[in-house]
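# Coordinate inspection notes
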Amino acid sequence: MRSDKKTVIFCDFDGTITLSDNIVAIMKHFKPEGIEAIMKDTIEQKISLREGVGAMFALLPASQKDEIVEFVLGQAGIREGFSEFLDYVRSEGIEFNVTSGGMDFFIEPLLEPFHIPQDHVYCNGADFSGETIRIEWQHPCQPPCKSGCGMCKTTVIRTFPEDQYNRILIGDSLTDFEGAKIADLVYSRSILTDKCIELGVDHVPFVTFYDIIEDMKQKQTQGVL
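Keep in mind that what you see is a predicted model, and the values were worked out from it rather than measured. Along each chain, residues carry numbers from 1 onward, in the same order as the chain's sequence is written. For a predicted model such as this one, the threshold for reporting local features is a pLDDT of at least 70, and the threshold for listing and counting side-chain atom pairs is 80 or more; totals across whole chains, interfaces and linings nevertheless cover every residue. To obtain the side-chain values, all non-hydrogen atoms of the structure were used and water was disregarded.

This next bit is on the overall build of the protein. By definition, any uninterrupted DSSP run of H or I lasting at least four residues is a helix, any uninterrupted run of E lasting at least two residues is a strand, and each is numbered from the N terminus. Regarding its fold elements, the protein presents 10 helices and 7 strands. Note on method: radius of gyration uses C-alpha positions; expected globular size equals 2.2 Å times residues raised to 0.38. In summary, the protein has a C-alpha radius of gyration of 17 Å against a globular reference of 17 Å for 225 residues, a match within 12%. For the protein, buried positions account for 51% of its 225 residues. Contacts are assigned to residue pairs that have any heavy atoms within 4.5 Å of one another. Long-range contacts, defined here as pairs at least 24 residues apart, represent 62% of the contacts in the protein between residues at least 6 apart. Using a 1.4 Å probe, accessible areas were evaluated by the Shrake-Rupley method; residue-level cover was limited to the displayed protein chains. For the protein, the accessible area works out to roughly 11,100 Å², and carbon and sulfur atoms hold 49% of it. A residue counts as positive if it is Lys or Arg and as negative if it is Asp or Glu; His and the chain ends are not included. Here the site of a charge means NZ on Lys, CZ on Arg, CG on Asp, or CD on Glu. Of the side-chain charges in the protein, 21 are positive and 36 negative, and the distance between the mean point of each set is 6 Å. Exposure is judged per residue with a 1.4 Å probe applied to protein chains only, and the accessible area is read against the type maximum: over 50% gives exposed, under 20% gives buried, and values in between give partly exposed.

Given below as structure tokens:
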């Protein structure tokens, strides 16, 4: 971390900004026929995340869009301190981006109260024009990533050159780990913390966004941010 570089934040959505993983919650609630096998193959990495998530949503009728959105809005929950965190980074002139493997049709209504510009939200799209939901992969992997990500977080991060930016990642799951390996600072929770410990990646655990505000303020006082 260098104080002479701009600071940019890449923040996961499901399980980080929200209290739960919305894709998992959707599948468990609506239980489309055949979902168990696809989820098992995805978790065991027999198929890529992109293949798995695409296949899961293809099991859901497009006509259920409003019902799915209503369900997500009713159960997702926003992590404590998120609004205050946004106020803090805005006051400090720090660029904030959402980097999510989720879908725009439920991310956008959940984020609407927070007035995050649309071009700072990187996620997947969804097409409801057919009989079932078709996921649109708007941010696919670019070299050197070959992981078959649905929304490639490392590709997004690499558009901000490391010689110009302090790149901060905030996340909670394995989908954040490749990004964590190239970030300058990682705020982690849940599985991401476990993975960082296992493979020796420096990280700062957090529970709420108040924890991140406090740590960032300390680093600013120390002149490293």
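This part covers the pattern of salt bridges. Between Lys or Arg on one side and Asp or Glu on the other, a salt bridge is scored when a side-chain nitrogen of the former is within 4 Å of a carboxyl oxygen of the latter. Scanning the entire structure with this criterion turns up 10 salt bridges. As a salt-bridge pair, K153 and D12 come within 2.9 Å of each other at their nearest N and O atoms. With K153 in helix α7 (residues 153-158) and D12 in the loop between β1 (6-11) and α1 (22-30), this pair connects stretches of sequence that are 141 residues apart. Both residues of the pair, K153 and D12, count as buried. Here R134 ties to D127 by a salt bridge, and the two come within 3.1 Å at their closest N and O atoms. For D127, a relative accessible area of 18% translates into the label buried.

A separate point is the environment of F105. Note that F105 resides in helix α6 (residues 104-111). Given the relative accessible area of 8%, F105 is considered buried. Separated by 97 residues in the primary sequence, F105 and V8 have C-alpha atoms spaced 25 Å apart. Ignoring sequence-local partners within four residues, the contact set of F105 consists of F57, K65, I68, V69, A126 and F128.

Attention now moves to the nonpolar core. One recurring pattern in soluble globular proteins: nonpolar side chains tend to sit buried together. To form a nonpolar core, buried Ala, Val, Leu, Ile, Met, Phe, Trp, Tyr and Cys residues must be joined to one another through side-chain atoms within 4.5 Å. Among the nonpolar cores identified, the biggest contains 56 residues, and F57 and F96 are the most heavily contacted of them. The contacts of F96, once residues within four sequence positions are left out, are I9, C11, I17, F82, F85, L86, V89, I116 and H120. Counting 16 residues, the second-largest nonpolar core is a separate cluster that includes Y122, L192, C196 and V201.

Looking at the secondary structure, you find D215 in helix α10 (residues 209-221). Given the relative accessible area of 14%, D215 is considered buried. With residues near it in sequence (within four places) discarded, D215 still touches Y187 and V204.

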